[in-house]
Amino acid sequence: LGITHANEISNTSTSNLQTSINNQTLLNHPSTRDNSQLIIEKARELGIDTSSKEIIITDSQMYELLKVQGIDVTPPSSLMRIEGVNKVVNKGTGSWDFYLSATTIRNYAFLATGVAAILAVLVPGVSWGVALAIANFAASCIDRYTTNGYIFQVRQLVLVNGFRQ
């Protein structure tokens with residue numbers, strides 16, 4: 001079930017371009033470099049393997065990775081029947097499928113910069129701009145009835161599609 005058209009994605013990517021450019025300064029700031037190191041160290045501590053073609057981050061791991069950045073977040077509900085999984089599958093040079101769980105989208109997508117930092121730091125080859133475009137697009141998918149996650153497809157470093165799982 002497709003939820004977007006290429007032109008909508010293009011508009012999302014274009015609107016994020018200025019944000020990405022503005023955030024290039026942020027990436028070179030010492031505190032951001034420190035956050036990157038904290039994210040990497042926390043990911044290792046949580047057992048997240050970033051060396052394979054498929055990177056898996058559970059909702060509770062996402063919570064911990066946001067928390068280590070100093071972001072005040074609400075933990076995933078302990079009432080969930082099953083923990084959600086966020087996954088990044090490498091599809092070749094400059095191409096990935098990002099699977100974001102419903103919990104991540106509902107609870108953390110409003111923290112687009114924090115989620116983008118996790119994606120940009122932990123997924124080899126993903127730029128800050130691509131990660132921010134995905135996180136912002138995920139935030140636009142939020143509604144209170146979101147029960148399924150979304151898949152965001154990046155091909156040749158361009159966000160080309162997003163749809164429900």
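Scroll up to find the structure this text is about.
Residues numbered from 1 in each chain as written. Predicted model: local features only at pLDDT ≥ 70, side-chain atom pairs only at ≥ 80, totals over all residues. Heavy atoms only, no water.

Engineer: What's the story with the packing of helix H5 (residues 112-122) against helix H6 (residues 128-140) in this structure? I'm lost.
Structural biologist: A packed helix pair is summarised by two numbers, namely the angle formed by the two axes and the spacing between the axes. Look at H5 against H6: their axes get within 8 Å of each other, and the N-to-C directions meet at 135 degrees. Our classification of the angle between H5 and H6 gives oblique. Both H5 and H6 take part in a crossing whose hand is right-handed. Contacts between H5 and H6 involve Ala112, Thr113, Val115, Ala116, Ala117, Leu119 and Ala120 on the former and, on the latter, Trp128, Ala131, Leu132, Ile134, Ala135 and Asn136. For the contact of H5 with H6, the per-class residue count stands at 11 nonpolar, two polar and no charged. (Axes fitted to C-alpha atoms, helices over the stretch in contact; angles between N-to-C directions. Helix = DSSP H or I, 4+ residues; strand = E, 2+ residues; numbered from the N terminus. Parallel < 35°, antiparallel > 145°, perpendicular 65-115°, else oblique. Left-handed = near helix turned anticlockwise from the far one by under 90°. Contact = heavy atoms within 4.5 Å. Nonpolar A, V, L, I, M, F, W, Y, C, P; charged D, E, K, R; others polar.)

Engineer: I tried to follow the side chain of Thr58 on my own but got confused; where do I start?
Structural biologist: Looking at the element boundaries, Thr58 is found in strand S1 (residues 54-58). On the basis of relative accessible area, Thr58 is assigned to the buried category, the value being 18%. Here Thr58 is in contact with Glu83, Gly84, Val85 and Asn86, once residues within four sequence places are set aside. (Buried < 20%, exposed > 50% of the residue type's maximum accessible area, 1.4 Å probe, protein only.)

Engineer: Is there a simple way to think about the packing of aromatic side chains in this case?
Structural biologist: The relative placement of two aromatic rings is captured by the distance of their centres and the angle of their planes. Across all of its chains, the model carries three aromatic pairs by this definition. A ring pair is formed by Tyr150 and Phe152, whose centres lie 6.2 Å apart and whose planes are at 25 degrees; its orientation type is stacked. You can call Tyr150 buried: its relative accessible area is 3%. Through a chain of ring-to-ring contacts, the aromatic side chains of Phe137, Tyr150 and Phe152 assemble into a single cluster. (Phe/Tyr/Trp six-rings, centres within 6.5 Å; stacked < 30°, edge-to-face > 60°.)

Engineer: Would you take a moment to explain the nonpolar core for this structure?
Structural biologist: Nonpolar side chains tend to gather and get buried jointly when the protein is soluble and globular. Among the nonpolar cores identified, the biggest contains 41 residues, and Ile57, Leu65, Leu66, Phe98, Tyr108, Ile134 and Phe152 are the most heavily contacted of them. Where this core is concerned, the elements lending two or more residues are helix H2 (30-46), S1, helix H3 (59-67), strand S3 (95-100), helix H4 (102-108), H5, H6 and strand S4 (150-155). Here this core gets nine residues from one element, more than from any other, and that element is H6. Excluding residues that lie within four positions of it along the chain, Phe98 makes contacts with Lys87, Val88, Leu119, Val126, Ile134, Tyr150, Ile151, Phe152 and Val154. (Core = buried A, V, L, I, M, F, W, Y, C linked by side-chain atoms within 4.5 Å.)

Engineer: How should H5 be read in this particular structure?
Structural biologist: At 3.6 residues per turn, the α-helix brings residues three or four places apart onto the same side. In terms of burial, H5 is largely enclosed, as eight of its 11 residues are buried. Buried within H5 are the following residues: Ala112, Gly114, Val115, Ala116, Ala117, Ile118, Leu119 and Leu122.

Engineer: Would you mind showing me how to read empty space enclosed by the protein here?
Structural biologist: To find leftover empty space, one rolls a probe the size of a water molecule over the atoms. Evaluated as defined, the whole model comprises two cavities of 30 Å³ or more. Ile55, Ile57, Met62, Asn86, Lys87, Val88, Tyr99, Leu100 and Leu119 together form the lining of the largest cavity. Those elements giving two or more residues to the lining of the largest cavity turn out to be S1, strand S2 (85-92) and S3. Broken down by element, the residue count for the lining of the largest cavity peaks at three residues, all from S2. Residues belonging to the lining of the largest cavity are distributed by class as follows: seven nonpolar, one polar and one charged. Its boundaries defined by the atoms lining it, the second largest cavity holds a volume of some 30 Å³. (1 Å grid on protein atoms, 1.4 Å probe; cavity = no way out; pocket = protein on both sides within 12 Å on 5 of 7 lines; lining within 4 Å. Points joined across faces, edges and corners; volume = space filled by probe spheres on them.)

Engineer: Is there a simple way to explain the environment of Val121 in this structure?
Structural biologist: The topology assignment puts Val121 in helix H5. Sequence separation between Val121 and Gln37 is 84 residues, and the spatial gap between their C-alpha atoms is 8.6 Å. Those residues in contact with Val121 that sit more than four places away from it in its chain are Ser36, Ile39 and Ile40.

Engineer: Would you mind going over the sheet that holds S1 with me for this structure?
Structural biologist: Each strand in a sheet pairs with its neighbour through backbone hydrogen bonds, running either in the same direction (parallel) or in the opposite one (antiparallel). Ordered by their spatial adjacency, five strands build an open sheet running S1-S2-S3-S4-S5, and the pairing between neighbours is antiparallel. In this open sheet, the two strands that pair with only one neighbour each are S1 and strand S5 (158-164). Neighbouring strand axes in the sheet, compared pairwise and without regard to direction, differ in orientation by 15 degrees on average. Note: S1 against S2, five bridges, orientation antiparallel. Bridging from a neighbouring strand, Glu54 pairs with Val89 of S2. Relative to S4, H6 is tilted by about 150 degrees, and along the sheet it contacts S3, S4 and S5. (Pairing = 2+ DSSP bridges.)

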